[in-house]
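# Topology and contacts: notes
Now for the letters of each chain:
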Amino acid sequence: MIPLIIGFTIVSCCSNAISFESLVKQNSQISTLITLLQYIFIFLTLLGYLNFTRFWKDESNFKGYKPWSLKYLIPVIVHNFCASMSNYVFNYNMSMGTHIIIKSLGPPITLILGWIFWGKVYGLNKIFGSILIAIGSGLFTINVQEFSGTTNEANNKVGIILLVGLVLVSSMTSLYTAEIYQSKSREVDWKVVMYYNYLVGLLLNMPLIGVVFNSLEMIIKDNVNYWKIFWNLVTQILCVIGVNILTFKLTALTLSLVLIIRRFVSLFISLYLFEIPVNENGFLGAILVLTGSFIYVLPNIQYNESLKIEYWPNWEKYLAEPH
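What this report covers is the structure whose coordinates are included nearby. (Residues numbered from 1 in each chain as written. Predicted model: local features only at pLDDT ≥ 70, side-chain atom pairs only at ≥ 80, totals over all residues. Heavy atoms only, no water.)

### Some words on the packing of helix H2 (residues 31-52) against helix H8 (residues 190-205)
The geometry of H2 relative to H8 is characterised by a closest axis approach of 9 Å and an angle of 140° between their N-to-C directions. As far as their axial angle goes, H8 and H2 are oblique. Taken as a pair, H2 and H8 cross one another with a handedness that is left-handed. Across the interface between the two elements, Leu36, Tyr39, Ile40, Ile42, Phe43, Leu46, Leu47, Tyr49 and Leu50 of H2 pack against Lys191, Met194, Tyr195, Tyr198, Leu199, Gly201, Leu202 and Asn205 of H8. Residues of the contact of H2 with H8, tallied by class, amount to 14 nonpolar, two polar and one charged. (Axes fitted to C-alpha atoms, helices over the stretch in contact; angles between N-to-C directions. Helix = DSSP H or I, 4+ residues; strand = E, 2+ residues; numbered from the N terminus. Parallel < 35°, antiparallel > 145°, perpendicular 65-115°, else oblique. Left-handed = near helix turned anticlockwise from the far one by under 90°. Contact = heavy atoms within 4.5 Å. Nonpolar A, V, L, I, M, F, W, Y, C, P; charged D, E, K, R; others polar.)

Take a look at the structure:
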């Protein structure tokens, strides 16, 4: 079931990323509007669904979950802050390629922070696989930069420093979120967590309402395709549902890898759609990502106290367990 959810999440997230890229190419000033529309659409859809299914009448669905306590509220606020700042760094003359390369550092950073602060012990295949995926994503993105005429030299150092800091904070937040939600996974339903997360996110984005009205005027003037916006909203909610389910099932490191692979696949599809050629860096990057992904999903390999390699031969049991 977990591999199926991962595949569903990657497909929906890729479709969402490509539709967003298409909209921004048509009008680069509407990204804030689309983000706020996503929050409104997802929140209203969840509200309607939960009311229709009488979700609130069964207290066992959110037993032990207090959405307004700092324990649950702080990671939601931090997540929304990081998402907003990730878009803001583009104001520092940062290309999309550099943005993706720095985001690709997420898995190794998550691995290191999990080891330092949570005492997590990762298998050798997890360590090696995540590093290969990060390097491969970076090389593949460099290919895009070379053919799109953008390089790291054109980016402001302040923007790069800010984005690296955001990756650090996001990794810490993901580790913390996985810890609190998975410890309560038998008591808290992912749907109620998603509902309150988007309620808080919607409230935090309300100050941007002025920017949104300006974007609406641009949409009317530029005749932006409304079907693209609708498709973006639908794929966004499907993507978010998959990510929220996986938050309760996967470790922060594995979830980070899933999101990196999603970025890689969407980038690969974009190259095909916009007819951008792939050079040696692109092919090498693709091979490293595929190799790293294969190594990562192998049965867990680690050294025990006697320094002998242990492995899990039962694939079916491995895939069914949270890892």
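### Focus on a nonpolar patch on the surface
The grouping of Ile112, Trp115, Ile116 and Phe117 at the surface amounts to a nonpolar patch, some 480 Å² of accessible area in total. Within the secondary structure, Ile112 sits in helix H5 (residues 106-118). (Patch = residues over 30% accessible without salt bridge, like charges linked within 9 Å, V, L, I, M, F, W, Y side chains within 5 Å. Areas by Shrake-Rupley, 256 points an atom, 1.4 Å probe, with all protein chains shown as cover. Salt bridge = Lys/Arg side-chain N within 4 Å of Asp/Glu carboxyl O.)

### Some thoughts on helix H12 (residues 280-296)
With 17 residues, H12 should reach 24 Å at 1.5 Å per residue; the first-to-last C-alpha distance of 24 Å fits that figure. Turning to H12, its buried residues number three or more, namely Gly282, Gly285, Ala286, Leu288, Val289, Gly292, Ser293, Ile295 and Tyr296. (Expected span 1.5 Å × (residues − 1). Buried < 20%, exposed > 50% of the residue type's maximum accessible area, 1.4 Å probe, protein only.)

### What to know about the side chain of Thr110
Tracing the chain through its elements places Thr110 in helix H5. For Thr110, a relative accessible area of 2% puts it in the buried group. Contact partners of Thr110, with chain neighbours within four places excluded, come to Tyr122, Ser171, Leu175, Ala252, Leu253 and Ser256.

### Concerning the nonpolar core
With 31 residues, the main nonpolar core has Ile42, Tyr65, Tyr181, Val192, Val193 and Met194 as its most contacted residues. Going through the elements one at a time, H2, helix H7 (157-183), H8, helix H9 (209-222) and helix H10 (226-247) are the ones with two or more residues in this core. Ignoring anything within four residues of it in the chain, the contact list for Val193 reads Tyr65, Tyr181, Val188 and Phe248. If you look at the next biggest cluster of nonpolar residues, it comprises 19 residues, including Cys82, Met85, Val89 and Ile133. (Core = buried A, V, L, I, M, F, W, Y, C linked by side-chain atoms within 4.5 Å.)

### Remarks on the side chain of Ser130
By the element assignment, Ser130 lies in helix H6 (residues 124-148). Separated by 3.0 Å, the side chain of Ser130 and the backbone oxygen of Ile127 make a polar contact. (Polar contact = N/O pair within 3.5 Å; in protein donor to acceptor, adjacent residues only side chain to side chain.)

### Concerning the state of the cysteines
A complete count under the given rule lists one disulfide for this structure. Across the disulfide, Cys13 is cross-linked to Cys239 (sulfur-sulfur distance 1.9 Å). Here the S-S torsion is close to 80°, and the disulfide linking Cys13 with Cys239 is therefore right-handed. One end of the pair, Cys13, is in helix H1 (residues 2-26); the other, Cys239, is in helix H10, and 226 residues separate them in sequence. Its sulfur unpaired, Cys14 is 7.1 Å from the next cysteine sulfur, which belongs to Cys13. (Disulfide = S-S within 2.5 Å.)

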